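# Observations on chain architecture
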Amino acid sequence: MAEAEAAQLKEEGNRHFQLQDYKAATKSYSQALKLTKDKALLATLYRNRAACGLKTESYVQAASDASRAIDINSSDIKALYRRCQALEHLGKLDQAFKDVQRCATLEPRNQNFQETLRRLNTSIQEKLRVQFSTDSRVQKMFEILLDENSEADKLEKAANNLIVLGREEAGAERIFQNNGVALLLQLVDTKRPELVLAAVRTLSGMCSGHRARATVILHAVRIDRICSLMAVENEEMSLAVCNLLQAVIDSLSGEDKREHQGKEEALVLDTKKDLKQITNHLLDMLVSKKVSGQGRDQAMNLLNKNVPRKDLAIHDNSRTIYVVDNGLRKILKVVGQVPDLPSCLPLTDNTRMLASILINKLYDDLRCDPERDHFRKICEEYITSKFDPQDMDKNVIAIQTVSGILQGPFDLGNQLLGLKGVMEMMVALCGSEREVDQLVAVEALIHASTKLSRATFIITNGVSLLKEIYKTTKNEKIKIRTLVGLCKLGSAGGTDYGLRQFAEGSTEKLAKQCRKWLCNASIDTRTRRWAVEGLAYLTLDADVKDDFVQDIPALQAMFELAKTTDKTILYSVATTLVNCTNSYDVKEVIPELVQLAKFSKQHVPEEHPKDKKDFIDMRVKRLLKAGVTSALACMVKADSAILTDQTKELLARVFLALCDNPKDRGTIVAQGGGKALLPLALEGTDVGKVKAAHALAKIAAVSNPDIAFPGERVYEVVRPLVSLLDTQRDGLQNYEALLGLTNLSGRSDRLRQKIFKEKALPDIENYMFENHDQLRQAATECMCNMVLNKEVQERFLADGNDRLKLVVLLCGEDDEKVQNAAAGALAMLTAAHKKLCLKMTQVTTQWLEILQRLCLHDRLSVQHRGLVIAYNLLAADAELAKKLVESELLEILTVVGKQEPDEKRAEVVQTARECLIKCMDYGFIKPVS
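Note that the structure is a prediction, hence the values are computed from the model and not measured. Within every chain, residues take consecutive numbers counted from 1 along the sequence as written. Local features in a predicted model are, by the rule used here, given only for residues with pLDDT of at least 70; side-chain atom pairs are given and counted only at 80 or more, and totals for whole chains, interfaces and linings are based on all residues. Side-chain measures here rest on the full set of heavy atoms in the structure, leaving out hydrogens and waters.

## Some words on the overall build of the protein
Under the convention used in this document: In DSSP terms, a helix is any run of H or I states spanning at least four residues, a strand is any run of E spanning at least two, and both are numbered starting from the N terminus. Partly exposed describes any residue whose relative accessible area lies between the buried limit of under 20% and the exposed limit of over 50%, with all areas from a 1.4 Å probe on protein chains only and scaled to the type maximum. For every accessible area listed, the method is Shrake-Rupley and the probe measures 1.4 Å; residues are considered covered only by the protein chains on display. When charges are counted, Lys and Arg contribute as positive and Asp and Glu as negative, whereas His and the chain ends are disregarded. Note on charges: their place is set at NZ of Lys, CZ of Arg, CG of Asp or CD of Glu.
Along the protein, the regular secondary structure elements total 53 helices and zero strands. Taking the principal axes of its C-alpha atoms as reference, the protein extends roughly 115 × 75 × 70 Å. Out of the 929 residues belonging to the protein, those deemed buried represent 52%. Total accessible area on the protein stands at roughly 44,300 Å², and carbon and sulfur atoms take up 50% of it. Taking the average location of the 129 positive side-chain charges in the protein and that of its 126 negative ones, the two points are 2 Å from each other.

Put into structure tokens, the structure is as follows:
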């Protein structure tokens, strides 16, 4: 019974294979393998499953299956050749050569085997030549680099060549085999920055995607030495060492997603100990006085990126628990740093914000209440331990720590505000004589007043407190910060015109003052940042945003600030731009509910007159004129944890609002908007990725892809567009994604291949069934371009589907645009394959009627495509041609062919005449003398 079932499953697998459903075929063969012990059948099944592996590019699996078939029968020529193909793809040319040599011995006359032998022989010779030349090049480079008398340009060239070589798998292996790690350490010992940088970058390339090599390099260079290099006061060096550590972490944790083969796969390395050691050293860097601000930032970037889970569906959060237990106090120490105090660690503008983001990510990564309670207790103990009536500096640090936590997990910060003595200490510091005390207290008040419901106790006490400081202080820094606090409390009603906190005109006055400070270049950047923070709240008011976009100097000052090294401003700038473009989510107002609310005397949100579409369009125009796109492009490039997923979402929203008018899209592309949108569409929140993908679709639909996405970048656009072909997306997103894919698929076959590989074809076919006319038209036009691809044509050739029938029936639609696209697709399919000409006559009984309608169509482009289809059918088969000549089609061709070929009709008349000539060639008709 089992053997019979196994044979049946084999046949089922063969059918799936013929239909190109390789996954289903693999499944059938695998099930059959479990049921049979017959050696001949086992060999066949393994051999067939290897063929599936080759088709799905699972080359390791294909080689393994072919080997099992060969173990059963060493002369299995098909298994030998399939293993040869798999090994060639895996780069194991010498082993592939042996297999095909055996095939050629068994079948000496097989031209395919002889051709493969020649090709592999050439490849092996080339590989050996490169290997020997690489070895000598590596030696030469190190000689130049370690020679103190080498000329500067020779040194630079050798260093760059070494870096490039280290990034290639073959080159990295040659450096490693030629005692390269020891020589690179000698370069590090020279202490010459350019040589140390070259060594670090080369090591980084060598560690990428190779666990064993990364482990050896980590132990040879030593983690303490790597961290001391990252701690230097040199931004370029810190970043290079950070990249090296990231490459090591990725390789050790398996995050590089590369398929390990051969010896590399055989090595079982326990990397947990090394990863823990790296984490400990990074945490120690946070509180060391010897570490520069840059080094501290990079250490936090690494912790931000590698400690919290990438996906909350993964159950294991042990890395986060470990960092909370062993490093949370250290992170809190960084958050509580006050730059003006003598005990302050070396910091950059971004350090404290990075620490707040790290606290937020760790807190979000906790799985249950006991874990969150433990986290809160550590924070509470740390803050209360700092309160000291004798030492004002410690109290300032305690409030600064609370302020930093409020910028991270807000609900945790809110709980800490309720701690005994925290609010009292804030009020006391507000009234202090020292500038630093007031600065810290005012910033803490600002961060505390974030949400309307939570900020009620601040609104009652905070406004009077802030107003008092604003009136009495002479210090500009404190004045700006108190103003931002007032802005924040004043904007608690959001975009609701009827929920204004302050008197009419007050918000405009506050905004005017913010704009004035923003444009004042004599004020330090850190303080001007607060002016943008104030505008981020005030621009919820439509009058304020309308005034702001008309103030070009203020806009440009904000854009310039966004391009500086201080990345803490990114969120405020992004929020301000979202407000100005009205790209935030607006709840749909249901008239019935409004009536009900009025009847029950509830508050009804009111829309400001300046939040209507005409005003929004005008604001977008002004922002584009002021150069908003280049500022956004610069913000997207920020390689820092401060560019959070939420900030990316805000930037994506702004881009989508800017792309709304097709006339503006050329300007956006010219200023680098297309390039900037790609990372936003691939990383971030789900909402952000959809918004960025939609903006990309808008650009791809109307722009020349070669200009909008030059070089290889155009292939990265495909995936975001395909992600919009989903029933969960709205009709406009579907439609514009289809237009974008139509434009891309018309450029090159490589792009069509990429669209096919991203599995877009079933979705495009689904939209061809849509009831919505525009969606059906866009999908059909996209398919018209896609049928030029061979793999797409094979889908139409396969039996058991209605793809061709759908295209034929769409040719008979009333919608001219759909007809035109479908006729174009059918013309190309019938020209490519004679089999499809015959298949067309079998899929529906209406085929001849539809063809005749096309050939008589009023629109010349549709008529021309119909005549091309008729010609393809006539040329495909004499029997089919006879059938066509016996129908009314001959009369139609005669009438069209006899017309005078004017400029517009020349192609149509010419094609009809070619059809008649074809009929004459068959002898079905004769020319009239």
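## Comments concerning the packing of helix α18 (residues 318–335) against helix α20 (residues 369–386)
What counts, and what does not: Note on geometry: axes are C-alpha line fits, over the in-contact stretch for helices, and angles between N-to-C directions span 0 to 180 degrees. Angles below 35 degrees are treated as roughly parallel, those above 145 as roughly antiparallel, those between 65 and 115 as roughly perpendicular, and all remaining angles as oblique. If you view the pair so one helix is near and one far, a crossing is left-handed when the near helix is turned anticlockwise from the far one by less than a right angle, and right-handed when it is turned clockwise. Contacts: residue pairs with any heavy atoms within 4.5 Å of one another. In the scheme used here, Gly and all other residues not listed as nonpolar or charged are polar, with Ala, Val, Leu, Ile, Met, Phe, Trp, Tyr, Cys and Pro taken as nonpolar and Asp, Glu, Lys and Arg as charged.
Where α18 meets α20, the axes come as close as 10 Å, and the angle between the chain directions of the two elements is 30 degrees. Comparing their axes, α20 and α18 come out roughly parallel. The two elements α18 and α20 meet at a crossing, and its hand is right-handed. Side by side, α18 and α20 meet where Ile 321, Val 324, Asp 325, Leu 328, Arg 329, Leu 332 and Lys 333 of the first sit next to Glu 371, His 374, Phe 375, Ile 378, Cys 379, Glu 381 and Tyr 382 of the second. Each residue belonging to the contact of α18 with α20 can be placed in one class, and the counts come to eight nonpolar, one polar and five charged.

## Things to note about the nonpolar core
When a protein is soluble and globular, its nonpolar side chains tend to lie buried together. For clarity, the cut-off: In these notes, a set of buried Ala, Val, Leu, Ile, Met, Phe, Trp, Tyr and Cys residues joined through side-chain atoms within 4.5 Å is what counts as a nonpolar core.
Counting residues in hydrophobic clusters, the biggest one holds 258 residues, and the most contacted among them are Phe 375, Leu 518 and Ile 764. With ten residues, helix α14 (residues 235–253) is the single largest residue contributor to this core. Look past the residues within four positions of Leu 518 in its chain and what remains in contact with it is Arg 528, Ala 531, Val 532, Leu 535, Phe 548, Ala 554, Ala 557, Met 558 and Leu 561. With 35 residues, the next largest nonpolar core counts Ala 32, Tyr 59, Leu 80 and Ala 86 among its residues.

## Comments concerning the UniProt feature "repeat: TPR" (unreviewed entry) in the protein
Put simply, the test is: UniProt positions are given in the numbering used here, feature names are shortened, and annotations may be inferred rather than shown by experiment.
The UniProt record marks residues 6–39 with the feature "repeat: TPR" (unreviewed entry), using the residue numbering of this structure. Note that residues 6–39 is 82% helix and 0% strand, and that its end C-alpha atoms are spaced 12 Å apart.

## Some remarks on the pattern of salt bridges
As a reminder, the rule being used: Salt bridges are defined as contacts in which a side-chain nitrogen from Lys or Arg sits within 4 Å of a carboxyl oxygen from Asp or Glu.
Evaluation of the coordinates by the stated rule reveals 43 salt bridges. The residue Lys 621 makes a salt bridge to Asp 664 at a minimum N-O spacing of 3.3 Å. Here Lys 621 is found in helix α33 (residues 613–625), whereas its partner Asp 664 is found in the loop between α35 (645–658) and α36 (665–670), with 43 residues between them in sequence. Salt bridges sharing common partners tie together Lys 613, Asp 617, Asp 660, Lys 698 and Glu 736.

## Some words on the packing of helix α50 (residues 860–876) against helix α52 (residues 889–897)
Two elements in contact, α50 and α52, have axes whose closest approach is 12 Å; the angle formed by their N-to-C orientations is 125 degrees. Relative to α52, the element α50 lies oblique. Considering only the axes of α50 and α52, their crossing is left-handed. Residues Gln 863, Leu 867, Ala 870 and Leu 874 of α50 lie in contact with α52, whose contacting residues are Leu 889, Leu 893 and Val 896. Its residues assigned to classes, the contact of α50 with α52 shows six nonpolar, one polar and no charged.

## Thoughts on unusual backbone geometry
Trans is the prevailing form of peptide bonds, just as negative phi is the prevailing case for residues other than glycine. Phi is positive for Gln 20, close to 65 degrees, though the residue is something other than glycine. Examined against the element boundaries, Gln 20 turns out to sit in the loop between α1 (2–18) and α2 (22–35). With a relative accessible area of 28%, Gln 20 lands in the partly exposed category. Residue Glu 57 is not a glycine yet carries a positive backbone phi of 65 degrees. Tracing the chain through its elements places Glu 57 in the loop between α3 (39–55) and α4 (59–72).

## Topic: the environment of Ala 231
Looking at the element boundaries, Ala 231 is found in the loop between α13 (223–230) and α14. For the pair Ala 231 and Val 241, spaced ten residues apart in the sequence, the C-alpha separation amounts to 9.3 Å. When sequence neighbours within four positions are dropped, the list of residues in contact with Ala 231 reads Met 285, Lys 290, Val 291, Ser 292 and Gly 295.

## Some words on the state of the cysteines
Here is the rule: By disulfide we mean two sulfur atoms from cysteines, separated by a distance within 2.5 Å.
Scanning the model with the defined rule gives zero disulfides in all. In this model Cys 227 remains outside any disulfide bridge; the closest cysteine sulfur is found in Cys 242, 11 Å from its own. Under the relative-accessibility criterion, Cys 227 is labelled buried at 6%. Here Cys 242 falls in the buried class, since its relative accessible area comes to 7%.

## Examining the side chain of Asp 76
Looking at where Asp 76 falls in the secondary structure, it is placed in the loop between α4 and α5 (77–89). Filtering out sequence-adjacent residues up to four positions away, Asp 76 remains in contact with Ala 43, Arg 47 and Ala 69.

## Comments concerning the environment of Ile 446
The topology assignment puts Ile 446 in helix α24 (residues 435–448). Taking the C-alpha atoms as reference points, Ile 446 and Lys 488, 42 residues apart in sequence, are found 7.2 Å from one another. Once you skip the residues sitting within four places of it in the chain, Ile 446 turns out to touch Arg 481, Val 484, Gly 485, Lys 488 and Trp 530.

## Structural notes on the side chain of Thr 841
Selection criterion: In protein, a polar contact requires one atom able to donate a hydrogen and another able to accept it; more generally it is a pair of N or O atoms within 3.5 Å, and residues adjacent in sequence count only if both atoms are side-chain atoms.
Here Thr 841 lies in helix α48 (residues 834–843). A polar atom in the side chain of Thr 841 sits 2.6 Å from the backbone oxygen of Leu 838. When residues no more than four places from it in sequence are discounted, the contact partners of Thr 841 are Trp 847 and Leu 880.

## A look at the packing of aromatic side chains
Note the cut-off: Stacked, tilted and edge-to-face pairs are distinguished by plane angle, under 30 degrees for stacked and over 60 for edge-to-face with tilted covering the rest, among Phe, Tyr and Trp rings (Trp via its six-membered ring) whose centres lie within 6.5 Å. Lysine and arginine charges are scored as sitting over a ring when NZ or CZ, respectively, is within 6 Å of the ring centre and within 35 degrees of the ring normal.
All chains considered together, the criterion is met by four aromatic pairs. Ring centres of Phe 17 and Tyr 22 lie 5.2 Å apart, and the angle between their planes is 65 degrees; on these two criteria the pair is classed as edge-to-face. Residue class for Phe 17 comes out partly exposed when judged on its relative accessible area of 24%. The class for Tyr 22 is buried, based on a relative accessible area of 17%. Directly above the aromatic system of Tyr 715 lies the positively charged group of Arg 750, at a separation of 4.2 Å from the ring centroid.

## Structural notes on the confidence of the model for the protein
The following threshold applies: Per-residue confidence from the predictor is given as pLDDT, running between 0 and 100.
When pLDDT is averaged along the protein, the result is 85; 91% of the residues meet or exceed 70. Ranking the elements of the protein by mean pLDDT puts helix α15 (residues 262–266) last with 41 and α18 first with 93. With pLDDT under 50 throughout, residues 257–268 is counted as low confidence; its partners more than four residues away or in other chains account for 14 contacts.

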